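# Fold and contact review
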Amino acid sequence: MTRIIKYIFSDILRTKFIILYTALLFVSSIAMFQIDSDPSKVVMSLLNIVLMVIPLISIVFTTIHFYNSYEFIELMLAQPIDRKVIFLGEYLAVVSSLCISFLAGCGIPVLIHGGGAAAFTLLFCGVILTMVFVSMAFLASVLTRDKAKAIGIALLFWFYFSLIYDGFLLWFVYAFADYPLEKITLTLIALNPVDLARVIMLLQLDISALMGYTGAFYKDFFGSQFGIAISTCVLCLWTLVPFITALRIFSKKDL
Amino acid sequence: MISIKEVSKTFGKLKVLDRVSLELLRGKSYALVGPNGSGKTTLIKSILGMVIPSSGDILFDDSSIKNDWRYREKIGYMPQIGHYPENMTIGQIIDMMKHIRKNVTQFDESLIEEFKLYKMYDKRMHTLSGGTRQKVSAALAFLFNPPALILDEPTAGLDPVSVELLKNKIREEKSNGKLIIVSSHILSDLDELATHLLYLFEGQVHFNSSISSLKKETGEAKLGKAVATMIGQKQLIESLKK
């Protein structure tokens, strides 16, 4: 298993994309610290990068990588290895390389400028969002044999969770503004990992009132610590459910 | 050694294998023959667990291969078209395979030597020609001395010298008492390599018996002509039935 991960890892590093990704994050983080002297404001700006860019890069890179390593998977399947081990190895290698490059690209500037607890929450959110979207990308990849179709599905996931879902939520809250919606809105937020990460961040920054009455209610309902713990658990579910579904499909797939 | 029991496989509406039942025994060598799209590769991939049958079961040494993977230690497989990670070198791939089958200590590196792959250990897979890839596939299939060898069109794309080297190797392993399954369209090759003929047509086994008895039945000295005569007879019988 470790050897398989090692081989995939070195293969990913050789594509140079991951180095480019690290450099991009590094440069933009440094630039933001240069522009603004208040670290907590910078963390807020970085939050937008984390919430938009990381899901997009994770999901697209993983889908492309999966199809590029089809040959490797095919070669491994004729060998005495469990299919599940191959799949898990692929997953761990991709997640760890994306997380390492995120932590290096964003974490180092944050540590240099001393972001405090909020910065660490930001890094945590980035890592967990990477895991969630890599899981989704694996699911998109095993759903179809066609590379273009899989990238389409992956992009659809990203569009849905980053843009469409928020629009829907806004419309929903607006349309039913006359009703008590707090609990329903809370449930609806849990159905979107990007929103969950945003909630964790806002609870940590103690500016949940900025999120309107849902944020205030969220804070009132859970309290900061408990709210963060619950959101983290739901995010873990968001990682596990797509991954396990993908694993199930993969172990029955014809190659 | 391998018994295939009523195996069917459908891809969508297309029925690729239709209730195939076969007994493949140790020490015998089988030629898998049939027109394009008759299900040869699907049958081979089912034995390897790469394709999962829609119904039926495959037993390897009397235990089902469903949800099992350890049995693949006993199979050397040479694919029709070798797909390899493009960024890896020949040396890395051979090294990786050795690490996967850790319990094998005695390597059979004769083909690596004969094909002179040592010289190309640092070459990346994407720089290799189709024939060289075939050589790598062949070398990997024989490397671990497995009791069963499955070769899917082994001679396609190889130069005449390499074909002879590979055929000698197959003959040698055959005399060592291994189970060998060779699929090919070049019947003259199979004539030298195989003792049994499996003729697959539209997902069904139409013929399964020894090559010598086929030659005797048809009265032909060469396998190619014998198979052609056999197919001709079958078609005649089919048209008479209609």
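What counts, and where the lines are drawn
Residues numbered from 1 in each chain as written. Chains lettered and ligands numbered in written order. Predicted model: local features only at pLDDT ≥ 70, side-chain atom pairs only at ≥ 80, totals over all residues. Helix = DSSP H or I, 4+ residues; strand = E, 2+ residues; numbered from the N terminus. Rg over C-alpha atoms; globule rule 2.2 N^0.38 Å. Buried ≥ 20, exposed ≤ 12 C-beta atoms within 10 Å, placed from the backbone. Contact = placed C-beta atoms within 7 Å. Nonpolar A, V, L, I, M, F, W, Y, C, P; charged D, E, K, R; others polar. Pairing = 2+ DSSP bridges. Axes fitted to C-alpha atoms, helices over the stretch in contact; angles between N-to-C directions. pLDDT = per-residue confidence, 0-100. Expected span 1.5 Å × (residues − 1). Parallel < 35°, antiparallel > 145°, perpendicular 65-115°, else oblique. Left-handed = near helix turned anticlockwise from the far one by under 90°. Right-handed = clockwise from strand over helix to strand, strands pointing away.

## With respect to the overall build of chain A
Secondary structure assignment for chain A yields 11 helices and 0 strands. Whereas a compact globule of 255 residues would reach a radius of gyration of roughly 18 Å, chain A reaches 19 Å, a difference of no more than 12%. Here the C-alpha coordinates of chain A stretch approximately 60 × 45 × 30 Å along the principal axes. Counting all 255 residues of chain A, 40% fall into the buried class.

## Looking at the interface of chain A and chain B
Across the boundary between the two partners, chain A contributes 18 residues, which contact 18 residues of chain B. The set of elements that each furnish at least two residues to the side of chain A that touches chain B consists of α1 (2–14) and α4 (70–77) of chain A. A per-element tally of the side of chain A that touches chain B places α4(A) first, with 5 residues. Looking at the side of chain A that touches chain B residue by residue, the classes come out as 8 nonpolar, 2 polar and 8 charged.

## Topic: the pairing of strand β1 (residues 2–11) of chain B
Residue and element names in this part refer to chain B. When β1 meets strand β2 (residues 14–24), the two strands line up antiparallel, connected through 7 bridges. Residue pairing for β2: I2 is matched across the bridge by L24. Hairpin geometry of β1 and β2 is characterised by an intervening segment of 2 residues between the two adjacent antiparallel strands and by a positive phi of about 65 degrees at G12. Bridge count for β1 against strand β4 (residues 55–60) is 5 bridges, and the pairing is antiparallel. Across the sheet, I2 pairs through a bridge with F60, a residue of β4.

## A word on the sheet that holds β1(B)
Taken in spatial order, the 4 strands make up an open sheet running β2-β1-β4-β5 (chain B), and their pairing is antiparallel. Only two strands of the sheet have a single neighbouring strand rather than two, namely β2 and β5 (63–64) of chain B.

## Some words on the sheet that holds strand β3 (residues 29–33) of chain B
Residue and element names in this part refer to chain B. Here 6 strands make up an open sheet; going across it, the order is β6-β7-β8-β3-β9-β10 and the pairing mixed. Looking at the sheet topology across the chains shown, the edges are occupied by β6 (75–78) and β10 (204–210). With direction set aside, neighbouring strand axes in the sheet form an average angle of 15 degrees. The pairing of β6 with strand β7 (residues 148–152) spans 4 bridges and is parallel. Among the inter-strand pairings, G76 is bridged to a residue of β7, identified as L149. Packing against the sheet, helix α1 (residues 40–47) makes contact with β3, β7, β8 (179–183) and β9 (196–201), and its axis sits at approximately 150 degrees to β7.

## Some details on the environment of M78(B)
By the secondary structure assignment, M78(B) is in strand β6. Along the chain, M78(B) and T42(B) lie 36 residues apart, while their C-alpha atoms are 14 Å from each other.

## Some details on the confidence of the model for chain B
When pLDDT is averaged along chain B, the result is 89, and 100% of the positions lie at 70 or above. Taken over the whole predicted complex, pTM reads 0.87, whereas the ipTM for its chain interfaces reads 0.82.

## Looking at the environment of K84(A)
All names here are of chain A. Its place among the elements puts K84 in helix α5 (residues 83–113). The partly exposed category is assigned to K84, around which 13 C-beta atoms lie within 10 Å. Put simply, K84 and F72 are 12 residues apart on the chain and 14 Å apart in space, counted from C-alpha to C-alpha. Every residue in contact with K84, bar those within four places of it in the chain, is listed here: L247 and S251.

## Section: unusual backbone geometry
One non-glycine residue with positive phi stands out, namely D61(B), at about 50 degrees. Within the secondary structure, D61(B) sits in the loop between β4 and β5.

## Brief notes about helix α4 (residues 130–143) of chain B
Residue and element names in this part refer to chain B. The end-to-end C-alpha distance of α4, which contains 14 residues, comes to 20 Å, matching closely the 20 Å that a straight helix rising 1.5 Å per residue would cover. Of all 14 residues that make up α4, 11 are buried, and the element is covered over most of its length. Of the positions making up α4, those classed as buried are T132, Q134, K135, V136, S137, A138, A139, L140, A141, F142 and L143. Taken together, the buried residues of α4 touch β6, α2 (90–100), α3 (110–114), β7 and α5 (160–175). Following α4 by one or two positions, N145 adopts a phi angle in the positive range, close to 55 degrees.

## Considerations on the packing of helix α2 (residues 17–35) of chain A against helix α3 (residues 39–68) of chain A
All names here are of chain A. At their nearest, the axes of α2 and α3 sit 11 Å apart, and the two run at 170 degrees to each other. In terms of orientation, α2 and α3 fall into the roughly antiparallel class. Seen from above, α2 lies across α3 with right-handed handedness. Contacts from F17, Y21, S28, S29, M32 and F33 of α2 reach α3 at V42, S45, L46, I49, I57 and F61. Among the residues forming the contact of α2 with α3, the class breakdown is 9 nonpolar, 3 polar and no charged.

## Remarks on the pairing of β8(B)
All names here are of chain B. Across the 5 residues that make up β8, a large majority, 5, are buried. The side-chain alternation of β8 yields two buried faces, one formed by L179, I181 and S183 and the other by I180 and V182. Pairing analysis gives 4 bridges linking β3 to β8, with the strands arranged parallel. Along β8, the bridge assignment pairs Y30 with I181. Strand direction decides the pairing type here: β7 and β8, joined by 5 bridges, are parallel. Its bridge partner being in β8, A148 is matched across the sheet by L179. Chirality of the crossover, the property in question, places the unit of β7, α5 and β8 among those that are right-handed.

## Notes on the packing of α3(A) against helix α6 (residues 117–143) of chain A
Residues and elements named next belong to chain A. Contact geometry for α3 and α6: axes closest at 8 Å, N-to-C directions at 20 degrees. Between α3 and α6, the interaxial angle falls into the category roughly parallel. Handedness of the α3/α6 crossing: right-handed. Residue classes in the contact of α3 with α6 are distributed as 20 nonpolar, 7 polar and no charged.

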